[in-house]
Amino acid sequence: MSLVLSGTGVSRGIALGKAHILRRGQIEIPEYVVPKKYVKDEINRLKKALVTAAAQLKAIRKHIPENTPADIGSFIDAHLLMIQDSMLSDEPINMIRQQQCNAEWALKQQRDMLVKVFEAMDDPYLRTRKDDIDHVVNRILGLLLDESAHASDVDSRLKGAILIADDLSPADTVLMQHFGIAGFVTEFGGPTSHTSILARGLGVPAIVGLHSARSFLKENDEIIIDGRAGIVLADAGENTNKYYRRRQRQEKKRINELKELKGKPAITNDKQAIKLHANIELPEDIPAVRKVAAEGIGLYRTEFLYMNRDDFPSEDEQFSVYRKVVKSLKGAPVTIRTFDLGADKQVDGATSNKQAGTNPALGLRAVRLCLRDTEMFMPQLRAILRASAFGPVRIMIPMLSNLTELHQVKQLIDDAKLELDREGIRYADNIPLGGMIEIPAAALAANQFAKQLDFLSIGTNDLIQYTLAIDRIDDEVAYLYEPLHPAVLQLIHMSIRAANKAKIPISMCGEMAGDPYFTRLLLGLGLREFSMHPSALLEVKRVVNSSDTRQLEKPAKKTLNSARQSDVEKIVNSMNIDIDA
Ligand code: PEP
Ligand code: MG
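Everything numeric here is computed off the predicted structure, so don't read it as measured data.

## Structural notes on the pairing of strand β16 (residues 529-532)
Next, step 1: With burial as the criterion, each face of β16 is covered, one bearing Glu529 and Ser531 and the other bearing Phe530 and Met532.
Next, step 2: Bridge count between strand β9 (residues 275-280) and β16: 4 bridges; the pairing is parallel. The partner of His277 across the bridge, within β16, is Ser531.

## Brief notes about the packing of helix α14 (residues 374-387) against helix α15 (residues 403-423)
Next, step 1: Direction vectors running N to C along α14 and α15 enclose 60 degrees, while the axes themselves pass 9 Å from each other. The angle between α14 and α15 falls in the class oblique. As α14 packs across α15, the resulting crossing turns out to be right-handed. Residues Thr374, Phe377, Met378, Leu381, Arg382, Leu385 and Arg386 of α14 form the contact with α15, whose own contacting residues are Val409, Leu412, Ile413, Asp415, Ala416, Lys417, Glu419, Leu420 and Glu423.
Next, step 2: Taken together, the residues of the contact of α14 with α15 sort by class into 9 nonpolar, 1 polar and 6 charged.

## Side note on the side chain of Arg382
Next, step 1: With respect to the helices, strands and loops of the structure, Arg382 is situated in helix α14.
Next, step 2: Residue Arg382 is classed as buried on the basis of its relative accessible area, which comes to 9%.

## Describing the sheet that holds strand β5 (residues 183-186)
Next, step 1: Strand order in the open sheet made by the 8 strands is β1-β8-β7-β3-β4-β5-β6-β2, with mixed pairing throughout. For this open sheet the edge positions go to β1 (3-6) and β2 (8-11), each flanked by a neighbour on one side alone. Neighbour-to-neighbour, the strand axes of this sheet turn through a mean angle of 30 degrees, independent of strand direction.
Next, step 2: Sheet topology places β1 next to strand β8 (residues 231-234); 4 bridges connect them, and they run antiparallel. Looking at the pairing, Val4 lines up with Leu233 of β8.
Next, step 3: Relative to the sheet, helix α8 (residues 194-202) contacts β2, β5 and β6 (206-208), its axis offset from that of β2 by approximately 50 degrees.
Next, step 4: Together, β3 (14-21), β7 (222-226) and β8 form the strand contacts of helix α10 (residues 238-261), whose direction differs from that of β3 by roughly 115 degrees.

## Here's the deal with the state of the cysteines
Next, step 1: One pass over the full model with this rule turns up 0 disulfides.
Next, step 2: Sulfur of Cys509: no disulfide; nearest cysteine sulfur belongs to Cys370 and is 16 Å away.

## Description of the site of ligand 1
Next, step 1: Near ligand 1 there are 13 residues, and of these Arg301, Arg337, Glu438, Gly459 and Asn461 occur at the shortest range.
Next, step 2: A distance of 2.7 Å separates an oxygen atom of ligand 1 from a polar atom in the side chain of Arg301.
Next, step 3: Taking Glu438, its side chain carries an N or O atom lying 2.9 Å from an oxygen atom of ligand 1.
Next, step 4: Within the complex, the protein chains bury 97% of what would otherwise be the 290 Å² of accessible surface of ligand 1.
Next, step 5: Counting residues per element, the ones that place at least two in the shell around ligand 1 are β10 (297-301) and α18 (460-468).
Next, step 6: Counting residues per element, the shell around ligand 1 draws most heavily on α18, at 3 residues.

## Some thoughts on the domain arrangement of the chain
Next, step 1: For the chain, the assigned domains read domain 1 (3-24 + 153-238), domain 2 (36-145), domain 3 (274-396) and domain 4 (432-527 + 535-581).
Next, step 2: In this structure, domain 1 and domain 4 have C-alpha centres spaced 33 Å apart.

## Quick word on the packing of aromatic side chains
Next, step 1: Enumeration over the complete set of coordinates arrives at 6 aromatic pairs.
Next, step 2: Aromatic pair Tyr243 and Tyr244: ring centres 5.0 Å apart, planes at 80 degrees, arrangement edge-to-face.
Next, step 3: Residue classification places Tyr243 among the partly exposed positions, given a relative accessible area of 36%.
Next, step 4: For Tyr244, a relative accessible area of 9% corresponds to the buried category.
Next, step 5: Three or more aromatic residues link up through ring pairs in this structure, and these residues are Tyr306, Phe312 and Phe339.
Next, step 6: Over the face of the ring belonging to Phe390 we find Arg323, whose NZ or CZ atom lies 5.5 Å from the ring centre.
Next, step 7: We note Arg426 situated over the ring of Phe390; from NZ or CZ to the ring centre the distance is 5.9 Å.

## Digging into the coordination of the magnesium ion (ligand 2)
Next, step 1: Taken together, the protein donors to the magnesium ion (ligand 2) comprise Glu438 (OE) and Asp462 (OD), at separations of 2.0 Å. With Glu438 in the loop between β13 (433-437) and α16 (440-444) and Asp462 in helix α18, this residue pair connects regions lying 24 residues apart in the sequence.
Next, step 2: In this structure Asp462 comes out as buried when scored by relative accessible area, which is 2%.

## So, the packing of helix α20 (residues 516-524) against helix α23 (residues 565-575)
Next, step 1: Direction vectors running N to C along α20 and α23 enclose 95 degrees, while the axes themselves pass 9 Å from each other. Taken as axis vectors, α20 and α23 run roughly perpendicular relative to one another. Seen from α20, the contacting residues are Tyr517, Arg520 and Leu521; seen from α23, they are Glu569, Val572, Asn573 and Met575.
Next, step 2: Across the contact of α20 with α23, the residue classes break down as 4 nonpolar, 1 polar and 2 charged.

Each value, and the rule that gives it
Residues numbered from 1 in each chain as written. Chains lettered and ligands numbered in written order. Predicted model: local features only at pLDDT ≥ 70, side-chain atom pairs only at ≥ 80, totals over all residues. Heavy atoms only, no water. Buried < 20%, exposed > 50% of the residue type's maximum accessible area, 1.4 Å probe, protein only. Helix = DSSP H or I, 4+ residues; strand = E, 2+ residues; numbered from the N terminus. Pairing = 2+ DSSP bridges. Axes fitted to C-alpha atoms, helices over the stretch in contact; angles between N-to-C directions. Parallel < 35°, antiparallel > 145°, perpendicular 65-115°, else oblique. Left-handed = near helix turned anticlockwise from the far one by under 90°. Contact = heavy atoms within 4.5 Å. Nonpolar A, V, L, I, M, F, W, Y, C, P; charged D, E, K, R; others polar. Disulfide = S-S within 2.5 Å. Near = heavy atom within 4 Å. Polar contact = N/O pair within 3.5 Å; in protein donor to acceptor, adjacent residues only side chain to side chain. Areas by Shrake-Rupley, 256 points an atom, 1.4 Å probe, with all protein chains shown as cover. Domains from an automatic or database assignment. Phe/Tyr/Trp six-rings, centres within 6.5 Å; stacked < 30°, edge-to-face > 60°. Lys NZ or Arg CZ within 6 Å of the ring centre and 35° of its normal. Donors = N, O, S within 2.8 Å, 3.2 Å for Na, K, Ca; no water.

If you want it as structure tokens, here you go:
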């Protein structure tokens, strides 16, 4: 009998193959007292496991095939750093000494403590980093308990198989790619887990969060996974198999066609040239930008330079990173967003470290924090200005809510220029200054902002959060987080109109810009510039190049006056009727 299971599709694509079930399950952690005279041996046992775990990861890192997204190496490096960090060595060693407990128990206590810290974080990305702690600790525990669990679950005999696991670590994912695994399904994890990000980067179909998958599926079951719909089918029957094989061929064709779009202009059938830019977080993202030949960077989230470290990056360090990005773009524009730190993205030593309020998203963050902590902000402004001497740079301010903030930033930029002039340091003339429209007040006052800025960019991730009063990282209300809410669409439309009226460019750099489902709607609302994760760019270009804006305006405007979201959806579906968006 055929079986259909559903989870969260996190990496699109169809895979057909035999299931291979990874039964690592939960590791049973023993607890016992270590006699005093053996405490030293127990500590050495832990140290040895840490060294071996690091050696295993280093060996896996060497396996990383060329042309693999940069993320993979950095995720494994992050695990290596965790193993080498005192939180996983010094702390458990102290516990063994003080409590006379066994190494496994010390490690478990430390893991539980760290997981709690991560679970309490507001930022969804940081919250899922608890999975990394688990992956690393499980590897060490496996060694302590002498289990081969993490040695080679994924091996060459599994070529073409579909892995069904509780969870997969980035290291597993590297091995998966190395051994030609066709796809995977995990019981845990969400769309922002490292494993999901890697799967998308590698183009491996993947489904996560399919609870109890391992109790429904058996080893060697013939299964099909649809990584977009999040569906697993077992024993599907010949007709269904045929259907999915056809879908798989179409998918391959689609991917090849997308590759051909690289370097081709994004232009609608009615000859509207559309700018498609990329969002980046670190210079390591540049190869992905090149891979799709994006015309520039529409959002460089510089705060990532500040995260995962205890100290501030100095002006010189920032300058050399920004210069590297600017030079590697070879004349294409780089939109550097000033730090969007604060609230959930804390940095040691910054003003932000003071007690955050009960609503961190409404607190001291982004431009508010920069204006409060000018000792942190000025070096960034100076570094950006210095980098502008090496290629076209645009400065973008996040979270503007009123014009006073804008005037203060302008004043600080003028001060920074004056300082550089005095020191005889070069920077470009006429660096465009833009602002993000992320707060409803900014969208409502977009006319005012547009008069005083050189460009605008709509940050839909926050705009939706603040418009609908939906915490963007709270799973409980995720069902209400709706880009197609008519109120959100009206704010987007108002912003576009304001920019057009002031004759300045307007872009969108929130997630909505990278979802091909929304491309035609946004074109219809008048948007001509989009910035997105590089992996989405060719897909969006495909939709742009098959669209005619003249046919999109009317239905798009109709969405603004729709009473219900379902009405908006119907309209958008009909706009997309001829495409697979
Ligand atoms: C946004 O809010 O849409 C945006 C692009 O900024 P971030 O996701 O970094 O908050
Ligand atoms: Mg934002």
